[in-house]
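# Structural characterization, general
Here is how the chains run, residue by residue.
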Amino acid sequence: MVRRNTLEWSPGFSLQVHITMNAPAQIQALLAETPHGPAPTRLREIPYNYTSFSDREIVIRLLGEESWTLLDALRGARQTGRSARMLYEVLGDIWAVRRNPYLQDDMLDNPKRRQELIDALHHRLAEVDKRRLTVDAVGEESKIRSANVEKLLRAASKAVADFGEEFRQVYDLRKRTNKVLGRYTDKHNICFDGMKRISHVTDATDWRVEYPFVVLTPDTEDEMAGLVKGCIELGLTIIPRGGGTGYTGGAIPLTPMSAVINTEKLLNLGAVEMKVLPGLDREYATIYSGAGVITNKVSEAAEKAGFVFAVDPTSAHASCIGGNIAMNAGGKKAVLWGTALDNLASWRMVDPNGDWLEVTRIEHNLSKIHDAPVAKFKLEWTHPNARGEAKGEPFKTEMLEIAGRKFRKEGLGKDVTDKFLSGLPGIQKEGCDGLITSRSARSRSSSAAWAMMVDSMSGTRAMRRALAQASCWLVFASHSYGHMPPVRTMVLSAITSQLTLSGHPVHLSPLSSTNTLHDPGVPASRSAIIAAICAASITPPPLHQQSADCRTWPSA
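The sections below set out a description of the structure shown in this document. Here the residue index of a chain counts from 1 through its sequence in written order. Per-residue local features of the predicted model are confined to residues with pLDDT of at least 70, and side-chain atom pairs are confined, for both listing and counting, to 80 or more; whole-chain, interface and lining totals are unaffected and use all residues. Note that the side-chain values use all heavy atoms of the structure and ignore hydrogens as well as water.

## Comments concerning the packing of aromatic side chains
In this analysis, rings of Phe, Tyr and Trp, with Trp reduced to its six-membered ring, are considered paired at centre separations within 6.5 Å, and the interplanar angle assigns stacked below 30 degrees, edge-to-face beyond 60, and tilted for intermediate values. In this structure the tally under the stated criterion is 5 aromatic pairs. Consider the rings of F53 and W95, whose centres lie 5.1 Å apart with planes at 70°: the pair is edge-to-face. Within this pair, whereas F53 is found in the loop between α1 (27–33) and α2 (55–62), its partner W95 is found in helix α4 (residues 82–98), the two being separated by 42 residues in sequence. When sorted by exposure, F53 lands in the same class as W95, which is buried. Through a chain of ring-to-ring contacts, the aromatic side chains of W347, F377 and F407 assemble into a single cluster. When the ring centre of W356 is taken as origin, the NZ or CZ atom of R348, which lies over that ring, is 3.7 Å away. A helix here means a DSSP run of H or I that spans at least four residues, while a strand means a run of E at least two residues long, and both kinds are numbered starting from the N terminus. Accessible area is worked out with a 1.4 Å probe on protein chains only. A residue is then buried under 20% of its type maximum, exposed over 50%, and partly exposed in between. For a lysine, the NZ atom is tested; for an arginine, the CZ atom; a charge sits over a ring if that atom is within 6 Å of the ring centre and within 35 degrees of the ring normal.

## Some thoughts on unusual backbone geometry
Of note in the backbone geometry, Y48 takes a positive phi value of approximately 65° without being a glycine. Of note, Y48 is situated in the loop between α1 and α2. For Y48, a relative accessible area of 38% gives the class partly exposed. Positive phi, close to 60°, is recorded for S422, a residue that is not glycine. Note that S422 resides in the loop between β13 (396–403) and β14 (435–442).

## Remarks on the packing of helix α6 (residues 111–135) against helix α7 (residues 140–181)
Contact pair α6 / α7: the axes reach a minimum separation of 10 Å and the direction vectors enclose 175°. Taken together, the axes of α6 and α7 are roughly antiparallel relative to one another. Facing R114, L117, I118, L121, H122, L125, V128, D129, R132 and V135 of α6, the residues of α7 in contact are R145, S146, V149, E150, L153, A156, S157, V160, F163, G164 and F167. Residue classes in the contact of α6 with α7 are distributed as 12 nonpolar, 4 polar and 5 charged. Each axis is a line fitted through C-alpha atoms, and for a helix only the stretch in contact is used; angles between axes span 0 to 180 degrees, taken between their N-to-C directions. Note on angle classes: values under 35 degrees are labelled roughly parallel, values over 145 roughly antiparallel, values of 65 to 115 roughly perpendicular, and the remainder oblique. The criterion used for residue contact is that any of the two residues' heavy atoms lie within 4.5 Å. In the scheme used here, Gly and all other residues not listed as nonpolar or charged are polar, with Ala, Val, Leu, Ile, Met, Phe, Trp, Tyr, Cys and Pro taken as nonpolar and Asp, Glu, Lys and Arg as charged.

## Quick word on the side chain of D351
Residue position: D351 is located in the loop between β10 (344–350) and β11 (356–362). For this analysis, a polar contact is any N or O atom pair within 3.5 Å, provided that within protein one partner can donate a hydrogen and the other can accept it, and provided that sequence-adjacent residues contribute only side-chain to side-chain pairs. Within polar-contact distance, the side chain of D351 engages the backbone nitrogen of N353 at 2.9 Å. A polar contact is formed between the side chain of D351 and the side chain of W381, at a distance of 3.3 Å. When sequence neighbours within four positions are dropped, the list of residues in contact with D351 reads V228, W381, D433 and G434.

Written out as structure tokens, the structure is:
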């Protein structure tokens, strides 16, 4: 049914709006739209279907592909269409309950109401069968149609019986789940309610396939391994989830018998500590965090201590550290300091067997991993312990040595086609080989900055603009191990050569973080370049002439 409205915008102009109502469609109208068969359009005759699934997809899910073929063949032989409408009403009722966790909970809590619904479904099917016996009793063609309808009714009756049995199975499995997983976490962390299941059915893709059976929200990292063991015992597919900001569908359940383990309560965040990393001979800044810590929180903690946290994906305000590792996240700073993989000192995870796995980087090259001839990782497995018990000794240890060049294709910051990464656990696997629970990462020093210094005689307007633009690119915190990154060095060389050829010789000077304008709103490295410009009697351009990266500078 289509209602046409006309909205007047202005004299002489109008907009016609066609509003499609969700009302029963006339079969003749549907057939007129598909003269060459039903395939070109997505027919939607099943009532109460407010999902993106077409009639074909729903029929195949509930009755099987053969039933859809029979329905297609019977569509052109309809007389009144009443039997088809009653059959579709049965499928619509089943589908509406299956796709609405709140209705499922209501049916589980009210056995009498549930039985009334199932009885009503059987009654409709009986009415269809009654019409089949009376209307299709005469003629060879009618007998063939009657046989096809009988097959459909058998499939629909089985679907109704399965629908009723599902509630008993769900009730029993929920009871068993509480008992098994209650050994490892509190009961309030085992969630079957509609709100939790709906909020964990999709991620940033907004792609919905199946609702999870249960959502687990452990309070501490120590509970994770036991929960994985329990889910394996229950036969549930495990879906790890952090902030749910991924665009690859890694947190989306694809089976109704799935358990989503939400890590957002794993919020332990340590202070920046100076530690000697395994295989090195001097201290380096590191920070420890749980898998549920928001990325921005780690960045703020590092900045407060005078350091820079290198991983900054676009979703840093909502994504979690566990997801950053599982996705090997990068961001704007990845060009300078690499992705999560380049900055990890160690991480802890639960493997697919439910055992603890701790991965530690040995002899870290303090740079991008592909620059290292060999990247070494120590892998240690331990069995999960019950609540309150001390951590046991590793039952298995392995040393993994991988050529650095194998982690990336030449010229790529991250090779998204390589999920295996030479067998390195956890990284870039999107939760497919275990659940990240915590990690220790390096923090970059921001105590020194490199700036371009210009001779005092070069104060032309063109030179001021060149300097301001160059500083937007070149003012980055230097590596604490004392050299400019290769990419920035090439940019620097190109700009200094251009300025020298134009008659404005320049030289580099390392600037101390104390050489600032003492403006708390300006980062130390920006303050350093402002101080350098002032020392050279050169004024930055006005705000409207500056690039977006320079908007923290004061106006001239």
